[in-house]
Amino acid sequence: QVQLVESGGGLVQAGNSLRLSCAASGRTFDTYVMGWFRQAPGKEREFVAAINGAGERTLYADSVKGRFTISRDNAENTVYLQMNSLKPEDTAVYYCAAGRPAYARSWYWNSSYNYWGQGTQVTVSS
C-alpha cells in the first residue's frame, strides 16, 4: 500500500512558477513509476508527466513540454513537478500517482497507476 500526499498548489499569475510536491509512504518508492495528472472542471483527467523509478527517464504531455519538469528524490520518497511559464489553461486539480506499468507507452494511462493522492488545486490567473 502506498499513500500519496500532494502539496504546493495555489493561485499564481500567468507567467509565474509553482513547484508541486508529492510525498509517498512505504519502503518501495523507488520501484514505482510516478506520474502527475490534472483535471480541469468539466474535463477528463489528463496525463501531465511521469518518471521511472530510478529517475532516469521522463515523459511529458505535449502541452507542458519545455515548461514543466518532473523529478524525484528517492531518499525522501518525494516526487516533484516544477511548473514554469504557467498559463491560465494549466488551471486544474493536480494529482500524483504511483504504479508499475510494464511499458513506457502505458505511462500516459490513468489505468496504469494503482495509487492516487487527493489532489492539489492550481489556479493561474490571466
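All of these numbers come straight from a predicted model, not from anything done at the bench. (Residues numbered from 1 in each chain as written. Predicted model: local features only at pLDDT ≥ 70, side-chain atom pairs only at ≥ 80, totals over all residues. Heavy atoms only, no water.)

Student: Explanation requested: the sheet that holds strand β3 (residues 18-24) in the structure shown.
Tutor: Either a parallel or an antiparallel arrangement is found when strands of a sheet pair, and the pairing is made through backbone hydrogen bonds. Spatially, the four strands line up as an open sheet ordered β1-β3-β8-β7, and their pairing is antiparallel. Edge positions in the sheet fall to β1 (4-7) and β7 (68-73), since each of these pairs with one other strand and no more. Geometrically, the sheet is characterised by an average inter-axis angle of 15° between neighbouring strands, direction not taken into account. Where β1 meets β3, four bridges bridge the pair, whose relative direction is antiparallel. If you follow serine 7 over to β3, its bridge partner there is serine 21. (Pairing = 2+ DSSP bridges. Helix = DSSP H or I, 4+ residues; strand = E, 2+ residues; numbered from the N terminus. Axes fitted to C-alpha atoms, helices over the stretch in contact; angles between N-to-C directions.)

Student: Sorry, what's going on with the pairing of β3 here?
Tutor: Working note: regular strand, side chains alternate between the two faces of the sheet. Counted residue by residue, β3 has five buried out of seven residues, so it is predominantly covered. Bridging between β3 and strand β8 (residues 78-83) involves six bridges; their strand directions are antiparallel. Residue pairing in the sheet places cysteine 22 in a bridge with valine 79 of β8. (Buried < 20%, exposed > 50% of the residue type's maximum accessible area, 1.4 Å probe, protein only.)

Student: Can you walk me through the nonpolar core in this structure?
Tutor: Among soluble globular proteins, nonpolar side chains are generally buried collectively. Ranked by internal contacts, the top residues of the largest apolar core, which has 40 residues, are Leu4, Met34, Trp36, Leu81, Met83 and Tyr94. In this view, leucine 81 contacts Leu18, Arg19, Leu20, Trp36, Val48, Ala49, Phe68, Thr69, Ile70 and Tyr94; residues no more than four positions away in its chain are not counted. (Core = buried A, V, L, I, M, F, W, Y, C linked by side-chain atoms within 4.5 Å. Contact = heavy atoms within 4.5 Å.)

Student: What exactly am I supposed to notice about the pattern of salt bridges here?
Tutor: Once the charged atoms of two side chains with opposite charge are near each other, the side chains can pair. Counted under the stated rule, the structure contains four salt bridges. Arginine 67 is paired through a salt bridge with aspartate 90; the nearest N and O atoms lie 2.8 Å apart. Pair noted here: arginine 67 is in the loop between β6 (58-60) and β7 and aspartate 90 is in the loop between β8 and β9 (92-99), with a separation of 23 residues, a long-range link. Taking the relative accessible area as the measure of exposure, arginine 67 reaches 11% and is therefore buried. One network of salt bridges, with partners in common, ties together Arg38, Glu46, Arg67 and Asp90. (Salt bridge = Lys/Arg side-chain N within 4 Å of Asp/Glu carboxyl O.)

Student: For this particular structure, what's the right way to read the packing of aromatic side chains?
Tutor: Centre distance and the angle of the planes are the two values used to describe a pair of aromatic rings. Using the criterion set out here, one finds six aromatic pairs in the structure. Plain terms: the ring middles of phenylalanine 37 and phenylalanine 47 are 5.7 Å apart, the flat faces sit at 80° to each other, and that makes the pair edge-to-face. Here phenylalanine 47 lies in strand β5 (residues 46-51) and phenylalanine 37 lies in strand β4 (residues 33-39), a separation of ten residues in the sequence. The exposure class of phenylalanine 37 is buried, given its relative accessible area of 0%. The class for phenylalanine 47 is buried, based on a relative accessible area of 9%. When the centroid spacing of 5.2 Å and the interplanar angle of 75° are considered together, the rings of phenylalanine 37 and tyrosine 113 count as edge-to-face. Of the two residues, phenylalanine 37 sits in strand β4 while tyrosine 113 sits in strand β10 (residues 113-116), which places them 76 residues apart along the sequence. (Phe/Tyr/Trp six-rings, centres within 6.5 Å; stacked < 30°, edge-to-face > 60°.)

Student: Could you clarify how one ought to interpret the environment of arginine 100 in this entry?
Tutor: With respect to the helices and strands, arginine 100 occurs in the loop between β9 and β10. Sequence separation between arginine 100 and glycine 10 is 90 residues; the distance between their C-alpha atoms is 30 Å. When neighbours within four sequence positions are excluded, arginine 100 is seen to be in contact with Thr28, Thr31, Tyr32, Ser112 and Asn114. A polar side-chain atom of arginine 100 sits 2.6 Å from a polar atom in the side chain of threonine 31. (Polar contact = N/O pair within 3.5 Å; in protein donor to acceptor, adjacent residues only side chain to side chain.)

Student: For this particular structure, what's the right way to read unusual backbone geometry?
Tutor: Most peptide bonds take the trans configuration, and most residues that are not glycine carry a negative phi. In this structure, asparagine 77 is a non-glycine residue whose phi angle is positive, near 55°. By secondary structure assignment, the location of asparagine 77 is in the loop between β7 and β8. The backbone of serine 85 shows a phi angle near 50°, a positive value even though the residue is not glycine. The residue serine 85 is located in the loop between β8 and β9 in this model. By relative accessible area, serine 85 is classed as partly exposed at 39%.

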